[in-house]
Structure formats: C-alpha cells, structure tokens
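# Structural description and commentary
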Amino acid sequence: GDCWSLNWMNNTEQIFPNLDTETVEQQFEIVKKMTNESHASIFGDLTYIYKEPISVFMGNPGKDAETAEPAPARTCSDKTTATPDVMLEYLKKMRDMSNDMEDSDRLDQEIRYHTFSEGKVQEILEQISHQVTGSWDMVQVFSRHPQTIEHPGCNKDVLSAFFSQCYKMQTHPYITKNLYRL
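Summary of the structure given here. (Residues numbered from 1 in each chain as written. Predicted model: local features only at pLDDT ≥ 70, side-chain atom pairs only at ≥ 80, totals over all residues. Heavy atoms only, no water.)

## Considerations on the overall build of the protein chain
- Assigned secondary structure in the protein chain consists of eight helices and zero strands.
- When the helices and strands of the protein chain are read in sequence order from the N terminus, they spell out α-α-α-α-α-α-α-α.
- Out of the 182 residues in the protein chain, the part that is buried amounts to 29%.
- Within the protein chain, counting contacts between residues at least 6 apart in sequence, those at least 24 apart form 68% of the total.
- In the form shown here, the protein chain has an accessible surface area of approximately 12,400 Å², with 53% of it arising from carbon and sulfur atoms. (Helix = DSSP H or I, 4+ residues; strand = E, 2+ residues; numbered from the N terminus. Buried < 20%, exposed > 50% of the residue type's maximum accessible area, 1.4 Å probe, protein only. Contact = heavy atoms within 4.5 Å. Areas by Shrake-Rupley, 256 points an atom, 1.4 Å probe, with all protein chains shown as cover.)

Now the structure itself:
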C-alpha cells in the first residue's frame, strides 16, 4: 500500500477502541504530518464532517473490543508506492520481468508516454495557475505549499473541466499528485 493508507490505519489502530476521541480534522492533520510519500486529500462537505468523531464513520467497536490489544504498527518501506505512481511502477516492473523484446519495447513506449504526459500535466497546471494568479511567483508558492480549498464548488468545476478537456484520471492516475496546484 501507499504511506498515506498505512499511516491512516496505524493512527486508527492506535486510538482503537476509543474512536470518539479524535475528529476527522484531527486525524487528517495527524496522518498528513506522518506522510511524505503520498498527497494528502480529504473529500466531502467539510462543514459537516470535519468536526465529527471518527466513530461516526468507523462504527462503535462494542464492549469486546475494549479488551483487545492494538495491532502492531505497520511501517512504510521501500516497497510502498504512492498511489498516483502505482500504474507507472507496475509498468516498469512488468518491463523488467519481461523476456520478450517486443513486449519490453511496448512497455517502454507506454512508460515514455505516461512520463511525458505527467510532465505535460505539470506544465498545463502551471499555466492555469499563472492565468488565474497573474504571477509566476504565486505559481511557485502553490507548487511548494498546497493551499486549503476555500470554495469546493468552484474547485469541483475547475477539476471537472480539466478532466473533460485535458486528461482522464482513470487513464492517467499520476496527475492526482499535481491537482493541488488548482
């Protein structure tokens, strides 16, 4: 799995069975600080869910769970891959394992295509940021420091337009690691 998922599970297991002691907001911030290999994202109408305890979404563990020992913490290792990079890493692994020259060439071509596309996505997002802000300095700030989305409806419209006009997330999953620039 990716580090975000492992860190989220670790955090949940550390507070289990007391899932009502931590809010969605607190858990998100804790896991975000623990994670450096994945892009932190949270979805939904945060005006309603942000202050809710985790137990609202994970259920009530019941009386038997209070005596259970917490599971040992999982750790991120060299084998973890950030979610947006899974497809490219899979293609590289398949190429490295292939004994067929034709298959290896096809996989190389697909890897080059997606690597080029990822660079193109970064370029397009920088251009959009520049058009919105009118400043290349602000583009650099956005690329180094993800901003809080203050108007999720507007952001949803921008992302929908990007996915319908530029790239499909289903066939280009690596673009999600750059969407914070919008």
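## What about the nonpolar core?
- Counting 13 residues, the largest nonpolar core has Val121, Leu125, Phe162, Phe163, Tyr167, Ile175 and Leu179 as the members making the most contacts within it.
- Residue assignment for this core shows that the elements contributing at least two residues are α5 (86-97), α6 (101-133) and α8 (152-165).
- Counting residues per element, this core draws most heavily on α6, at four residues.
- Ignoring anything within four residues of it in the chain, the contact list for Phe163 reads Lys168, Met169, Ile175 and Leu179. (Core = buried A, V, L, I, M, F, W, Y, C linked by side-chain atoms within 4.5 Å.)

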